[in-house]
Amino acid sequence: MGSYTTTTTSSSKLLFRQLFEKESSTYTYLLADSFHPDKPALLIDPVDKTVDRDLALVKELGLKLIYAINTHVHADHVTGSGLIKTKVPGVKSIISKASNAKADMFVEPGDKIHFGDIFLEVRATPGHTLGCVTYITGDGVNQPQPRMAFTGDALLIRGCGRTDFQGGSSDKLYDSVHSQIFTLPKDTLVYPAHDYKGFTVSTVGEEMLYNPRLSKDKETFKNIMQNLNLSYPKMIDIAVPSNMVCGLQETKSDL
């Protein structure tokens, strides 16, 4: 069981929790519109091993979970989306159409995911995988400020996801981050899917300056990525097939 931390924004209507699964170093994010009568909520990148913890928190806070969202088809853990659907009737799973994975709803660039009066904007950020997307809180008077970007593995804190599996491309990843994330306001908060050094949050401005990979020119970045010499992901042969069907093999026929 992981612990969770709280980060606040200037918009008090957004209830936000950052949760951690230590085995895969995965962050799961709980967002809810606390001012809405139903207190609708969503989870970003849930992990199967911490579903009970996450759902207990949702219940404690009096929220109504409506969506379980993934930034991409993960290779290092099994998503909790399918398990959540079996435990909470009515929850819809969401993933990008480009991922070719199973889900209840598919999103494309420019789509908006509404929960109460708050929404997330969808931006395509392929490169780590073909189907990676970044979810960004909306730009508007009643939306959280500063904005928040849930970047999956496309942009990590002082790093980025590997590009040597699942249709990865260092060329695409560089372009994705620079065109879709680094064009956001510099105070935009960056919340990645993973961190291996204990960092919890960064900003677009920080990563533009200090990211040791993505602050370089494209050719330098591509050279760095080609020479990482990373080991084969230990969970990939289990995680990817499961995640292609929303995390539970037996849910395939139901989606």
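Residues numbered from 1 in each chain as written. Predicted model: local features only at pLDDT ≥ 70, side-chain atom pairs only at ≥ 80, totals over all residues. Heavy atoms only, no water.

The name given to the chain in an unreviewed UniProt entry is Polypeptide N-acetylgalactosaminyltransferase 3, with Datura stramonium as the source organism.

If you check UniProt for "domain: Metallo-beta-lactamase" (unreviewed entry), the listed places come out as residues 25-194 in our numbering. Here residues 25-194 runs as 17% helix and 31% strand, with 5 Å between its end C-alpha atoms. (UniProt positions renumbered as here; feature names shortened; annotations may be inferred. Helix = DSSP H or I, 4+ residues; strand = E, 2+ residues; numbered from the N terminus.)

Proximity of charged atoms lets side chains of opposite charge pair with each other. All chains considered together, the criterion is met by 13 salt bridges. When the shortest N-O distance is used, the salt bridge between Arg123 and Glu121 registers 2.7 Å. On the basis of relative accessible area, Glu121 is assigned to the buried category, the value being 19%. Between Glu206 and Arg158 there is a salt bridge, with the nearest N and O atoms lying 2.9 Å from each other. Of this pair, Glu206 sits in helix 4 (residues 204-210) while Arg158 sits in the loop between strand 11 (148-152) and helix 3 (170-181), and the two are 48 residues apart along the sequence. Residue class for Arg158 comes out partly exposed when judged on its relative accessible area of 30%. (Salt bridge = Lys/Arg side-chain N within 4 Å of Asp/Glu carboxyl O. Buried < 20%, exposed > 50% of the residue type's maximum accessible area, 1.4 Å probe, protein only.)

To continue, consider the environment of Lys85. With respect to the helices and strands, the residue Lys85 is situated in helix 2 (residues 81-87). For the pair Lys85 and Ile66, spaced 19 residues apart in sequence, the C-alpha to C-alpha distance is 9.8 Å.

Summed over all chains, the structure comprises 10 aromatic pairs. Both rings, one in Phe16 and one in Phe150, keep their centres 6.1 Å apart while their planes meet at 50°; by these two values the pair is tilted. Of this pair, Phe16 sits in strand 2 (residues 14-21) while Phe150 sits in strand 11; the two residues are 134 residues apart in sequence, bridging distant segments of the chain. Each member of the pair, Phe16 as well as Phe150, carries the same accessibility label: buried. On the numbers, 5.0 Å between centres and 55° between planes, the contact of Phe16 with Tyr191 is tilted. With Phe16 in strand 2 and Tyr191 in strand 12 (residues 189-192), this pair connects stretches of sequence that are 175 residues apart. Across the pair, exposure class does not vary: Phe16 and Tyr191 are buried alike. Ring pairing ties together the aromatic residues Phe16, Phe20, Tyr27, Tyr29, Phe150 and Tyr191, which thus form one cluster. (Phe/Tyr/Trp six-rings, centres within 6.5 Å; stacked < 30°, edge-to-face > 60°.)

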